[in-house]
Amino acid sequence: MSVLEVNGVSIRYMTGDFKDIGLKEYVMRRLRGEYHINEFWADRDVSFKLEKGDMLGIIGSNGAGKSTLLKVISGIMEPTEGWVRREGNVAALLELASGFDGDLTVRENAYLRGAMLGYTRKFMDDTYEQIIEFAELQEFQERPFKQLSSGMKSRLAFSIASLVEPDILILDEVLSVGDGAFRKKSESKMREIIAGGATTILVSHSLQQVREMCTKVLWLDKGNQIAFGEDVLGICDQYIKFLESK
């Protein structure tokens, strides 16, 4: 049985006049038939299955619907159409640098982020030194978080989040954090988690990462599913030719 199944998933956003008008004007426009609603489909009819230990790379230009699809798969959003079936627990590393308090110290933020991810105080006490060492922030523990560079913030978030041992792991551009040396270390950490049997989904603008790490690939363009399969190199080559032809 597949660990993750996405069946006919479509996600629609609704926009209209309601953001700029008051309730009275809204009612009057509706009565006059002058109220306008715009539909935007971020994803249309996306379907695929993943087995235990698969690593799926999702490729596509900006606006292809990649991040929206991840939110549906992780359970943050409900699809407008279709359904998602998951087996086991899901860990999603999305928007790494969000959810921190700039006025708190690095140490305090580490515990805060751990609590947000459901880690116990004892677990954080036992793993705090490991987190800071992996993030390479030993000298910054008592500094206000807002004084860190964006790369440092992402390194801390990645270090905390990578402690999980999920059945399904979702990564949105998280392997691009930090400098070259840290990227290699983060890739190695992800390989450890994958080797442990986690089914993984990776969104990355680095086709090299997708080619080297993924066993399957999904290509999206403007919300539409162009290709899905195990021929990672072949689909990536098709995607490159598509980009060159634009």
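Reference entry: report on the structure contained in this document.

So, how was this worked out
- Residues numbered from 1 in each chain as written.
- Predicted model: local features only at pLDDT ≥ 70, side-chain atom pairs only at ≥ 80, totals over all residues.
- Heavy atoms only, no water.
- Helix = DSSP H or I, 4+ residues; strand = E, 2+ residues; numbered from the N terminus.
- Buried < 20%, exposed > 50% of the residue type's maximum accessible area, 1.4 Å probe, protein only.
- Contact = heavy atoms within 4.5 Å.
- Axes fitted to C-alpha atoms, helices over the stretch in contact; angles between N-to-C directions.
- Parallel < 35°, antiparallel > 145°, perpendicular 65-115°, else oblique.
- Core = buried A, V, L, I, M, F, W, Y, C linked by side-chain atoms within 4.5 Å.
- Left-handed = near helix turned anticlockwise from the far one by under 90°.
- Salt bridge = Lys/Arg side-chain N within 4 Å of Asp/Glu carboxyl O.

**A short note on the overall build of the protein**
Piece 1. Assigned secondary structure in the protein consists of eight helices and nine strands.
Piece 2. Expressed as a percentage of the 246 residues in the protein, the buried residues total 48%.

**Some remarks on unusual backbone geometry**
Piece 1. One non-glycine residue, Glu136, adopts positive backbone phi at about 60 degrees.
Piece 2. Tracing the backbone through its elements, the reader meets Glu136 in the loop between α4 (121–135) and α5 (150–161).
Piece 3. A relative accessible area of 35% means that Glu136 is categorised as partly exposed.
Piece 4. Positive phi is not limited to glycine here, since Lys222 has a value of about 50 degrees.

**Section: the side chain of Lys189**
Piece 1. Tracing the chain through its elements places Lys189 in helix α6 (residues 180–195).
Piece 2. With residues near it in sequence (within four places) discarded, Lys189 still touches Phe134, Phe158 and Ser162.

**Brief notes about the packing of α4 against α6**
Piece 1. Taken N-terminus to C-terminus, the directions of α4 and α6 make an angle of 135 degrees; their axes are 11 Å apart at the nearest point. Comparing their axes, α6 and α4 come out oblique. In this structure, α4 contributes Glu133, Phe134 and Ala135 to the contact, and α6 contributes Phe182, Lys185, Ser186 and Lys189.

**A few points about the nonpolar core**
Within soluble globular proteins, side chains that are nonpolar tend to cluster in buried spots.
Piece 1. Counting 46 residues, the largest nonpolar core has Ile59, Leu137, Leu148, Leu156, Leu169, Met190 and Val210 as its most contacted members.
Piece 2. Aside from chain neighbours lying at most four places away, what touches Leu137 is Val106, Ile132, Leu148, Met152, Arg155 and Leu156.
Piece 3. Judged by nonpolar contacts, the second largest core, of 24 residues, contains Val46, Leu50, Ala64 and Ile73.

**Here we look at the packing of helix α3 (residues 106–116) against α5**
Piece 1. Packing of α3 against α5 leaves a shortest axis separation of 10 Å and a crossing angle of 40 degrees. In terms of their interaxial angle, α3 and α5 are classed as oblique. Along this stretch, α3 crosses α5, giving a crossing that reads as right-handed. Residues Val106, Ala110, Arg113 and Gly114 of α3 pack against Leu156, Ala157 and Ile160 of α5.

**Digging into the pattern of salt bridges**
Piece 1. A complete count under the given rule lists 11 salt bridges for this structure.
Piece 2. Put simply, Arg107 and Glu142 hold a salt bridge, and the shortest N to O gap is 2.8 Å. Remark: Glu142 occurs in the loop between α4 and α5 and Arg107 occurs in helix α3; sequence separation between them is 35 residues.
Piece 3. Residue Arg107 is classed as partly exposed on the basis of its relative accessible area of 30%.
Piece 4. A salt bridge links Arg211 to Asp237; the nearest nitrogen and oxygen atoms lie 2.7 Å apart. Of this pair, Arg211 sits in helix α7 (residues 207–213) while Asp237 sits in helix α8 (residues 232–245); the two residues are 26 residues apart in sequence, bridging distant segments of the chain.
Piece 5. For Arg211, a relative accessible area of 30% puts it in the partly exposed group.
Piece 6. Taking relative accessible area as the criterion, Asp237 reaches 36% and is therefore assigned partly exposed.

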